[in-house]
Each structure stands twice: as structure tokens, then as C-alpha cells.
Number of protein chains: 2
Amino acid sequence: MKKAAIENRRFTAKGLATRDRIVEAAARLIHERGVAGTTTEEVRDAAGVSSSQLYHYFEDKMALVRAVIAHQTDAVLGAQAEFLGRLDSLDALRRWRNLLVRNQRALHCEGGCPLGTLSSEVAEVVPEFRIDLNRAFARWEEGIRAGLRAMHERGELRRDADPDRLATALLAAVQGGLLLTQIRRTSKPLENALDTMLEHIASLTVPMRQRRRAS
Amino acid sequence: MKKAAIENRRFTAKGLATRDRIVEAAARLIHERGVAGTTTEEVRDAAGVSSSQLYHYFEDKMALVRAVIAHQTDAVLGAQAEFLGRLDSLDALRRWRNLLVRNQRALHCEGGCPLGTLSSEVAEVVPEFRIDLNRAFARWEEGIRAGLRAMHERGELRRDADPDRLATALLAAVQGGLLLTQIRRTSKPLENALDTMLEHIASLTVPMRQRRRAS
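Residues numbered from 1 in each chain as written. Chains lettered and ligands numbered in written order. Predicted model: local features only at pLDDT ≥ 70, side-chain atom pairs only at ≥ 80, totals over all residues. Heavy atoms only, no water.

Caption draft 1: Just the interface of chain B and chain A, in detail. Taken together, the contact between chain B and chain A spans 39 residues of the former and 39 residues of the latter. Carbon and sulfur atoms supply 59% of the area buried between chain B and chain A, which totals about 3700 Å² over both sides. For the chain B face of the interface with chain A, the top three residues by lost area are E124(B), R165(B) and I183(B), together amounting to 19%. Linking chain B to chain A there are six salt bridges. (Contact = heavy atoms within 4.5 Å. Buried area = accessible area lost by both parts, 1.4 Å probe. Salt bridge = Lys/Arg side-chain N within 4 Å of Asp/Glu carboxyl O.)

Have a look at this one:
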């Protein structure tokens, strides 16, 4: 947020609102049609701005796509803000799992993960896109890892459990589960992937009695 | 294979070779640039055929993309043919895991899964594409599930383990692991995702002594 604020300080509040409108229109079109299937003219028309306005805020399509990646990163992580950084109990993990599944059902399992979809389309096209997406997934993973590390440090996870490895595996379960959920049009794959991981994490927890003895 | 043979019976051997050349060129270009970023003219030139030859085999771009999906399905599943349908031991699962990791390293972790990438790009564009991809993933999952079911039936997996759910979770781990591996340019995420799943499956196996007693 801080970085975005610095980048945007040259724009007025009205200018920022226009910029946001362009990014939101671009994000929606790109999520529906892909980057290659979306022209800046279509974004301009969908946002209801002129070409000169669009190019005032984004010097080219690449700048616009990077803004869309940043926007989708904030949207995807924002929707989980209540949980990321706080997944430090089986209960919190289960409630987060329920949120992800509920979101997919509300979307009729259409569209997949905006970040995963963008990754598959643009990761090999422009190096900067991949780097932006790598940063997005790193933030997401960090939000998962923090809680697992806390559980480990408090002795709630077995000493030989590796919270960092579990965090990567959980994020992979989310991404793979979302992809299969999109293709199959049912939330079952996401549920199966997450429930299996949560069961595994549960199997690595230390029973309360032993936990007290250890501390 | 049977269906393809019926569809292609009107072509001579030479005709089939030409058709294959077109599909391979299309698959390569699409994997590099995406469906929207690839024109039939580019495929025609890359395959070294004329427009009339291309349209003799594929009436439109949609037909060509469906042939590419079929081609990539055979390529992805073919590369694992030694394992799919035979993943009925921890040893087989580990060797399969090693194959997938080795493949990514050989590709410098570039490109991701051809089926996953296609899915993200075209699943929402044309319903037939999603249906074809759904069938591809179903075949892949079936190849994973068969072995886990065999382990379960032989009493090697605990009675309360669900081999079908584990198979979906394993395929999700592969897909999510491949996506993160592509974005991070290291095979670590795929290794973490698969090793976590394999560890979980190992934790659900029944010790040999109890197994004998049960039978």
C-alpha cells in the first residue's frame, strides 16, 4: 500500500478514481478474456474514458497489465485478510477453508483464481509479469506460513513438522484445487485438496497433555 | 485412441503425418504464446503447409485447439504412462514424484503444465474446451486413483482412508505445485507439495504386522 501511495502521489483524488476505474475495467475484461484477448481500446470503452486519459495513467498495455496484477493481488489477498497472518490454529485453518469453498460456490465455480489464471497466461510472456506474480504468491504464502510457524513455536505442531514446507503445500493445494474446481464446475476438488492438507496438519499436532509436559 | 482412429480413417498415412505436423506446430506455439496469441497463419507457416491443407484437416481454429488439447493430454499422460494405473505402493508414488520433479528441472521450471496452462486460458472461453480438459484431468486422476484404491483394497491403506479423495488431492498438489514451480522458477514448490501428500499417504498405511492380522 505504501509503495502504491508513493507512485500515485502525483495524481489528484479525482485522477486516482479515474485510474482505479481503468484498472477495474481492465481486470474484469482480462479475467474474462485473458490478456491477449483484451485490447486497450476495449478497456478504454469499458472504463468510459478517452484514449488520452488511459495513456495519461498507463504508458502502454504492459503498464496496465502490471496494474491489473497488483489489483488482483490486493483483491485476492484482501478477501482473505481476516485469516492471512492468523492461521495459527486448526479452527482458523478450517474457517479459512470454508471461506475459500464458499467463494467458489458463490461464483458457480467459474473463473478460477485470478492470480493463477494470470500466471498461466503471462508468466512466460514478459519477465516482469512473472516477477510481480511471484511476489504476489510470496505474500500469500507468507500469510499462511506465519500461523503455522506460530503453532510450531508454541509446540502445537510436532517438532519434526516443517511449517514452511506445509505452507507451500497448502498454497499448492489451494491453487490446484481451484484449477480442478474451475474445470469440473464443482467445489469438490478444492474441498478434497484442502481437507486432505488440514487432516495432515491435524495429524502433526501434539496432544494437549504432551504439550504441557514439554513446556 | 479408438475414437481418434475412427475420426481419422478418411486420411491416408501421408495425410495423417501432415495432420500431426500441424497439431504439433500448433501445440508448440500455443504453449509458448497462448491460444489468443497464436493465429492459424502462424501455425500454417510453422508447420510448413498451405492454408488449404490446414483447413482440409481443421475446419476452424476451434477444431485445431481441440486437437491441441487432445495432443497435450496424450503427451502429458504419455510421459507418465509407466506410472498411471500402477501407483499402488509408496515406492511407485515416490518414483512418480521423482519423474515429475526431474521433468521440471529439465525444463528449467519453465512453461508449467501444458494442460493446466490451457485450462486457465480457455476454460471460460468455449464450453467444449472446458469439457475436453475436464475429460483429460479425469483420465489423469483415474490413473492416480486406481493405485490408491488397490492399496486400500489390499488393506495397505487404513480402512478410514478415502483413496478417491486422496487421488483428487494428489492431482491438485501436482497442478498447484507445477504452477508455483513455474512462477518461482524452482522445483521446490512441486517437491514440497508432493512430499507432503506422500508423507500423508504414508501416515495412512497399515503396518505390515497389523495387515497380516487383518487378512
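Next comes the rest of the description.
Caption draft 2: Region of the structure containing the relation of the copies chain B and chain A. Once chain B has been moved 0.0 Å along the axis and rotated by 180°, it coincides with chain A to within an RMSD of 0.0 Å. Accordingly, the operation relating the two chain copies is best matched by a two-fold axis. Residue G176(B), judged by its C-alpha, is the member of chain B lying nearest the rotation axis, at 2.0 Å. Interface overlap between copies: 100% of the residues of chain B at the interface are likewise at the interface in chain A, consistent with a symmetric, same-surface contact. (Least-squares fit on C-alpha atoms with pLDDT ≥ 70 in both.)

Caption draft 3: Molecular detail of the packing of helix α7 (residues 114–122) of chain A against helix α7 (residues 114–122) of chain B. Interhelical geometry of α7(A) versus α7(B) gives an angle of 115° and a closest axis separation of 8 Å. The orientation of α7(A) with respect to α7(B), classified from their angle, is roughly perpendicular. Of the two elements, α7(A) crosses α7(B), and the hand of that crossing is left-handed. Contacts between α7(A) and α7(B) involve G116(A), T117(A) and S120(A) from the first element and G116(B), T117(B) and S120(B) from the second. (Axes fitted to C-alpha atoms, helices over the stretch in contact; angles between N-to-C directions. Helix = DSSP H or I, 4+ residues; strand = E, 2+ residues; numbered from the N terminus. Parallel < 35°, antiparallel > 145°, perpendicular 65-115°, else oblique. Left-handed = near helix turned anticlockwise from the far one by under 90°.)

Caption draft 4: Representation of the packing of aromatic side chains within the structure. Residues and elements named next belong to chain A. Counting across every chain of the model gives four aromatic pairs over all chains. Centroid distance F137 to W140: 6.1 Å. Interplanar angle 5°. Geometry classified as stacked. One end of the pair, F137, and the other, W140, are both in helix α8 (residues 127–153), three residues apart, so they sit about a helical turn from each other. (Phe/Tyr/Trp six-rings, centres within 6.5 Å; stacked < 30°, edge-to-face > 60°.)

Caption draft 5: Focus on the environment of A172(A). One can find A172(A) in helix α9 (residues 163–184). Among the residues examined, A172(A) registers a relative accessible area of 0% and is labelled buried. In this structure, the C-alpha to C-alpha distance between A172(A) and L194(A), residues 22 residues apart in sequence, is 9.7 Å. Leaving out residues up to four positions away in the same chain, A172(A) has contacts with G177(A), A172(B), A173(B), G176(B), G177(B), L180(B) and A193(B). (Buried < 20%, exposed > 50% of the residue type's maximum accessible area, 1.4 Å probe, protein only.)

Caption draft 6: Structural detail: the pattern of salt bridges. Applying the stated criterion across every chain, the model contains 36 salt bridges over all chains. Between R97(A) and E191(A) there is a salt bridge, with its nearest N and O atoms 3.6 Å apart. Here R97(A), found in helix α6 (residues 90–106), pairs with E191(A), found in helix α10 (residues 188–203); they are 94 residues apart in sequence, far enough to count as distant. Overall, the relative accessible area of 14% leaves R97(A) in the buried class. We note a salt bridge from R149(B) to D164(B), for which the minimum N-O separation is 2.8 Å. Taken together, the residues span a long stretch of sequence, with R149(B) in helix α8 (residues 127–153) and D164(B) in helix α9 (residues 163–184) at a distance of 15 residues.

Caption draft 7: Broad picture of the nonpolar core. Counting 134 residues, the largest nonpolar core has W96(A), W140(A), W96(B) and W140(B) as the members making the most contacts within it. In this view, W96(B) contacts Q80(B), F83(B), L84(B), L87(B), W140(B), I144(B), L170(B) and V174(B); residues no more than four positions away in its chain are not counted. (Core = buried A, V, L, I, M, F, W, Y, C linked by side-chain atoms within 4.5 Å.)

Caption draft 8: Layout of the state of the cysteines. All told, the structure shown has zero disulfides over all chains when counted by the stated rule. With no disulfide of its own, C109(A) lies closest to C113(A) among cysteine sulfurs, the gap being 14 Å. (Disulfide = S-S within 2.5 Å.)

Caption draft 9: Representation of helix α5 (residues 61–79) of chain A. End to end, α5(A) covers 27 Å across 19 residues, agreeing with the expected 27 Å (1.5 Å per residue, within 8%). If you check which residues of α5(A) are buried, you get L64(A), V65(A), A67(A), V68(A), I69(A), Q72(A), T73(A), V76(A) and L77(A). (Expected span 1.5 Å × (residues − 1).)

Caption draft 10: Representation of the environment of D88(A) in the model. Residues and elements named next belong to chain A. Within the secondary structure, D88 is located in the loop between α5 and α6. The spatial distance from the C-alpha of D88 to the C-alpha of R130 is 30 Å, given a sequence separation of 42 residues. Sequence-distant contacts of D88, that is, excluding residues within four places in its chain, are made with G147, A150, M151, R154 and E156.

Caption draft 11: The arrangement of unusual backbone geometry in detail. Residue and element names in this part refer to chain A. In the Ramachandran plot, H108 falls in the positive-phi region, its phi being about 55° despite a non-glycine side chain. Inspection of the secondary structure assignment puts H108 in the loop between α6 and α7. On the accessibility criterion, H108 (57% relative accessible area) is exposed. Even without being a glycine, R185 presents a positive backbone phi close to 60°. The topology assignment puts R185 in the loop between α9 and α10. Note on R185: relative accessible area 25%, which makes it partly exposed.

Caption draft 12: A look at the confidence of the model for chain A. With 94% of its residues at a pLDDT of 70 or more, chain A has an overall mean of 93. Taken over the whole predicted complex, pTM reads 0.93, whereas the ipTM for its chain interfaces reads 0.92. (pLDDT = per-residue confidence, 0-100.)

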